[in-house]
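Notes for the structure review
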Amino acid sequence: MRHHPTHELMSVFASGELPASLSIAVAAHLELCRDCQTTVDRITQQAAQQEFTTSSTSYQQDHEDDFADMIAQITQDDALFDAQIYSDKAVEQTIEFKGQHYTLPRALQSLVLQKPQKLGKLTRSRIDLQEGSLKTSLLHIEPGGSVPMHTHKGFELTLLLDGEFEDQMGKYQIGDFIWLTGEHEHTPTTTTGCLCFTVSNDALQFTQGISKLLNPIGQFIY
Ligand SMILES: [Zn+2]
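Starting from 1, residues in each chain are numbered consecutively following that chain's sequence as written. Local features in a predicted model are, by the rule used here, given only for residues with pLDDT of at least 70; side-chain atom pairs are given and counted only at 80 or more, and totals for whole chains, interfaces and linings are based on all residues. Side-chain metrics in this entry use all non-hydrogen atoms of the structure; hydrogen atoms and water are not considered.

**Some words on the overall build of the protein chain**
The secondary structure listing takes helices from DSSP runs of H or I that are at least 4 residues long and strands from runs of E that are at least 2 residues long, numbered from the N terminus. Secondary structure summary: the protein chain contains six helices and twelve strands in total. Scored against the burial criterion, the 222 residues of the protein chain give a buried share of 41%. By definition, residues are in contact when any of their heavy atoms lie within 4.5 Å. Sequence-distant contacts in the protein chain: of pairs separated by 6 or more residues, those separated by 24 or more amount to 64%. Counting every atom, the protein chain has about 12000 Å² of accessible surface; 51% of that belongs to carbon and sulfur. For every residue, the accessible area (1.4 Å probe, protein chains only) is compared with the maximum for its type, and the residue is labelled buried under 20%, exposed over 50%, or partly exposed between those bounds. Here the accessible surface of atoms and residues is derived via Shrake-Rupley with a 1.4 Å probe, and residues count as covered only by protein chains that are part of the display.

**A look at the coordination of the zinc ion**
Because water is not among the atoms used, a metal site may look incomplete, as its donors are only the N, O and S atoms within 2.8 Å, or 3.2 Å for Na, K and Ca. Looking at the zinc ion, one finds its protein donor set to be His 4 (ND1), His 29 (NE2), Cys 33 (SG) and Cys 36 (SG), positioned 2.0 to 2.3 Å from the metal centre. Sequence positions of the residues that donate to the zinc ion give the spacing H-x24-H-x3-C-x2-C. Residue His 29 shares its accessibility class with Cys 33, and that shared class is buried.

**Quick notes on the environment of Leu 111**
You can see Leu 111 is positioned in the loop between β2 (100-103) and β3 (117-119). A residue is classified by how much of its surface remains accessible, and Leu 111, at 19% relative accessible area, is buried. Setting aside residues up to four positions removed in sequence, Leu 111 forms contacts with Ile 24, Ile 127, Leu 129 and Phe 197.

**Thoughts on the sheet that holds strand β5 (residues 135-141)**
Only strands that DSSP links by at least two bridges are regarded as paired with each other. Strand order across the open sheet formed by six strands is β3-β4-β5-β11-β7-β10, with antiparallel pairing between neighbours. Unpaired on one side and paired on the other, β3 and β10 (177-181) mark the two borders of the sheet. Averaged over all pairs of adjacent strands, the angle between strand axes in this sheet comes to 25°, irrespective of strand direction. In this sheet, strand β11 (residues 194-200) lies alongside β5 in antiparallel orientation, the contact comprising seven bridges. Within β11, the position partnered with Lys 135 by the bridge is Ser 200. Each axis is a line fitted through C-alpha atoms, taken for helices only over the stretch in contact, and angles between the N-to-C directions span 0 to 180 degrees. Of the strands in this sheet, β5, β7 (155-163), β10 and β11 touch helix α2 (residues 20-32), which is tilted by about 35° from β7.

**As for the packing of aromatic side chains**
Aromatic ring pairs: the centre-centre distance and the angle between the two ring planes describe each pair. Only the six-membered ring of Trp is used, alongside the rings of Phe and Tyr, when aromatic pairs are assigned; centres must lie within 6.5 Å, and planes under 30 degrees apart are stacked while those over 60 apart are edge-to-face, with the rest tilted. Summed over the entire model, instances satisfying the criterion amount to two aromatic pairs. Between Phe 165 and Tyr 172, the aromatic rings sit 4.7 Å apart at their centres with planes inclined by 35°, giving tilted as the arrangement. Take Tyr 172: its relative accessible area is 3%, and that puts it in the buried class.

**Describing the confidence of the model for the protein chain**
The pLDDT score gives, residue by residue, the confidence of the prediction method on a 0 to 100 scale. The share of residues in the protein chain with pLDDT of 70 or more is 73%, and the mean pLDDT across the chain is 81. Element-level mean pLDDT values for the protein chain span from 43 in helix α5 (residues 78-89) up to 96 in α2. Every residue in residues 77-90 is under pLDDT 50, and counting partners more than four places away or in other chains gives eight contacts.

**Side note on the nonpolar core**
Residues belong to one nonpolar core when they are buried, are Ala, Val, Leu, Ile, Met, Phe, Trp, Tyr or Cys, and are joined through side-chain atoms within 4.5 Å. Residues Leu 108, Leu 138, Leu 161 and Phe 197 are the most contacted members of the largest nonpolar core, which totals 32 residues. Elements that contribute at least two residues to this core include exactly α1 (7-14), α2, α3 (34-55), β1 (94-97), β7 and β11. When residues of this core are assigned to their parent elements, the largest contribution, six residues, is made by α2. Sequence-distant contacts of Leu 161, defined by excluding residues within four places in its chain, comprise Leu 104, Pro 105, Leu 108, Leu 138, Ile 174, Leu 195, Cys 196 and Phe 197. Of all hydrophobic cores here, the second largest spans eleven residues; its members include Phe 165, Tyr 172, Leu 180 and Cys 196.

Have a look at this one:
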């Protein structure tokens, strides 16, 4: 995995201030990325310590140490981490696209998907989080499918949940958290098919030849 949320994004995530769509995307990435999970645990721990120090000067130093020790134990206890993952497997749900079943990260399991819409090899299920211009979807692309060359008016976040795809910037693996803006122009293509969680704050803009005719359906995809 090469693509991760920025440290800044993880800090805002830890403080609980991200919009639901992005918070869900980061949470789902954390389930797939131990390194970022560790980073967020550290950020949370530091924030808790800071809060503790600034808001409760009357507390005894040893309480503060106990608290820090407790957090450290929780975040370092691999057995606890694994047990958590294991116990949640009992209730995991799958979703079907084109006869193939996919297991969704826990962060996505309680979301309500709208009726899937199809366009060629693309199938999209919108997730209505009531966030105005932020559009959230599950996007499935069948083997051999692609999205025509396009750029983005706002940003486009893609979290690759299953399968693989590639574009001008390289190949992506499961768990990759890909944040693109108007500076990026790309043509995602998949050989074996893929399932992505996407968040975008504006329609994508097709940029090449006949693809420009597709701009009215740019809103379909993201
Ligand atoms: Zn990561």
